[in-house]
There are 2 protein chains.
Amino acid sequence: MSRRIPISPLSAQSFAPYGDVLEAEGAPDKLINDGKCRRFHDRADLDFGDGGRAGVSIFHAELRALPYEFDLIERHPDGSQAFVAMSADPFLVIVSDGPEAQPKAFLTNGKQAINFHRGTWHGVLTPLSGSGIFAVVDRIGDTANLQEHRFDAPWVVVA
Amino acid sequence: MSRRIPISPLSAQSFAPYGDVLEAEGAPDKLINDGKCRRFHDRADLDFGDGGRAGVSIFHAELRALPYEFDLIERHPDGSQAFVAMSADPFLVIVSDGPEAQPKAFLTNGKQAINFHRGTWHGVLTPLSGSGIFAVVDRIGDTANLQEHRFDAPWVVVA
């Protein structure tokens, strides 16, 4: 099995098994503010589990470069996690069907946010350009809400 | 009373009566992802009221220009509302102590998101540059959750 992972453009369809793509595409659900704003309503399947609540945190991540080597994936068993880039720059989204599977890599188009469904295995936040600043909507609660897996050998995401 | 409103830079201190400034400033609460990401944890006072839940929507607003004339403010009696610009561009944040007061105008620095506390009177989403695309965290529920006020004469935000 090759350790090289190609990059696919992020789309709602390809990402559906892992989470939601949040973007201003297609018909808006509502026009608000005297018609000057299009609302795409309630697009994330948020789930904060028992005893959890929603929180907004800010993440400031180091920029990475391609080829990008990693051996760590993680998941949040108790809640969903949404990443909203605060600059209009593509970022890598790495997901996996589990510790035994080959991860997949998607690249946003600079206008897409994502929401990992509860329990989705994913790579850490990986901006390739821009500010590296993200707003994150995830579970605030008393549990650790984190499982990590380190692969025996690194994977490499290639351009 | 002049109808002209000057613009102040947005800061956590000046905005405190109205809501939260969400930004990667000062000491992070936590280092995550092998030290490569700084987490500023749970920075918004979210409130979705009775029978409400958190949702993430995408707003695509028309760009505006200065001087910016407006006569409408609104508030959400049943929940808070967070605006996260998806491009690193300043946007106007207009708030008011109520229909009888002169509104105030703040300008973000391109790296700040905001969260209006439940019930804060505010102007509509007002991007001045960039994509005009925002992620919005607000209340999903069965109530209208909207009160509007139109001033007898317009206010003008000036550079």
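- An unreviewed UniProt entry lists chain A under the name Ureidoglycolate lyase, from Celeribacter arenosi.
- According to its UniProt record, chain A has this under Subunit (unreviewed entry): "Homodimer."
- As recorded by UniProt, the Catalytic activity (unreviewed entry) comment attached to chain A reads in full: "(S)-ureidoglycolate = urea + glyoxylate".

## Quick word on the sheet that holds strand β6 (residues 53–61) of chain B
Consideration 1: Reading across the sheet, the 7 strands line up as β4(A)-β5(A)-β6(B)-β14(B)-β8(B)-β11(B)-β3(B) and stay open at both edges, with antiparallel pairing between neighbours. Taken across any chain shown, the strands that pair with only one partner, and hence form the sheet edges, are β4 (30–32) of chain A together with β3 (19–22) of chain B. Looking at each pair of strands side by side, their axes are set apart by 25° on average, direction ignored.
Consideration 2: Pairing geometry for strand β8 (residues 81–85) of chain B and strand β11 (residues 113–116) of chain B, over 3 bridges, is antiparallel. Across the sheet, the residue bridging to Phe83(B) is Ile114(B), located in β11(B).

## Observations concerning the relation of the copies chain A and chain B
Consideration 1: Overlay of chain A on chain B (RMSD 0.0 Å): rotation 180°, translation along the axis 0.0 Å. On the angle and the small slide along the axis, the relation comes out as a two-fold axis. Residues of chain A ranked by C-alpha distance from the rotation axis are headed by Ser87(A), positioned 2.0 Å from it.
Consideration 2: Here 100% of the interface residues in chain A have copies in chain B that are interface residues too; the copies meet face to matching face.

## A short note on the sheet that holds strand β5 (residues 37–40) of chain B
Consideration 1: Spatial strand order, β3(A)-β11(A)-β8(A)-β14(A)-β6(A)-β5(B)-β4(B): 7 strands in an open sheet with antiparallel pairing. The open sheet is flanked by β3 (19–22) of chain A together with β4 (30–32) of chain B, the only strands paired with a single partner. Averaged over neighbouring strand pairs, the angle between their axes works out to 25° when direction is ignored.

## Quick notes on the nonpolar core
Consideration 1: Counting residues in each nonpolar core, the largest one holds 32 residues, and the members touching the most others are Val56(A), Ile58(A), Val56(B) and Ile58(B).
Consideration 2: Secondary structure elements with two or more residues in this core: β6 (53–61), β8 (81–85) and β14 (133–140) of chain A together with β6, β8 and β14 (133–140) of chain B.
Consideration 3: Here Ile58(B) is in contact with Leu22(A), Glu23(A), Ala24(A), Arg38(A), Arg39(A), Phe40(A), Met86(B), Ile133(B), Phe134(B) and Ala135(B), once residues within four sequence places are set aside.

## Looking at unusual backbone geometry
All names here are of chain A.
Consideration 1: Residue Leu-66 is joined to Pro-67 through a cis peptide bond whose omega torsion reads -10°.
Consideration 2: Topologically, Pro-67 is positioned in the loop between β6 and β7 (68–75).
Consideration 3: Within the chain, Asn-33 stands out as a residue other than glycine whose phi angle is a positive 55°.
Consideration 4: Asn-33 sits in the buried class, given a relative accessible area of 13%.
Consideration 5: In this structure, Asp-42 is a non-glycine residue whose phi angle is positive, near 55°.
Consideration 6: Along the chain, Asp-42 turns up in the loop between β5 (37–40) and β6.
Consideration 7: A relative accessible area of 22% places Asp-42 in the partly exposed class.

Here is what the cut-offs are and how they apply
Residues numbered from 1 in each chain as written. Chains lettered and ligands numbered in written order. Predicted model: local features only at pLDDT ≥ 70, side-chain atom pairs only at ≥ 80, totals over all residues. Heavy atoms only, no water. UniProt positions renumbered as here; feature names shortened; annotations may be inferred. Pairing = 2+ DSSP bridges. Helix = DSSP H or I, 4+ residues; strand = E, 2+ residues; numbered from the N terminus. Axes fitted to C-alpha atoms, helices over the stretch in contact; angles between N-to-C directions. Least-squares fit on C-alpha atoms with pLDDT ≥ 70 in both. Contact = heavy atoms within 4.5 Å. Core = buried A, V, L, I, M, F, W, Y, C linked by side-chain atoms within 4.5 Å. Buried < 20%, exposed > 50% of the residue type's maximum accessible area, 1.4 Å probe, protein only.

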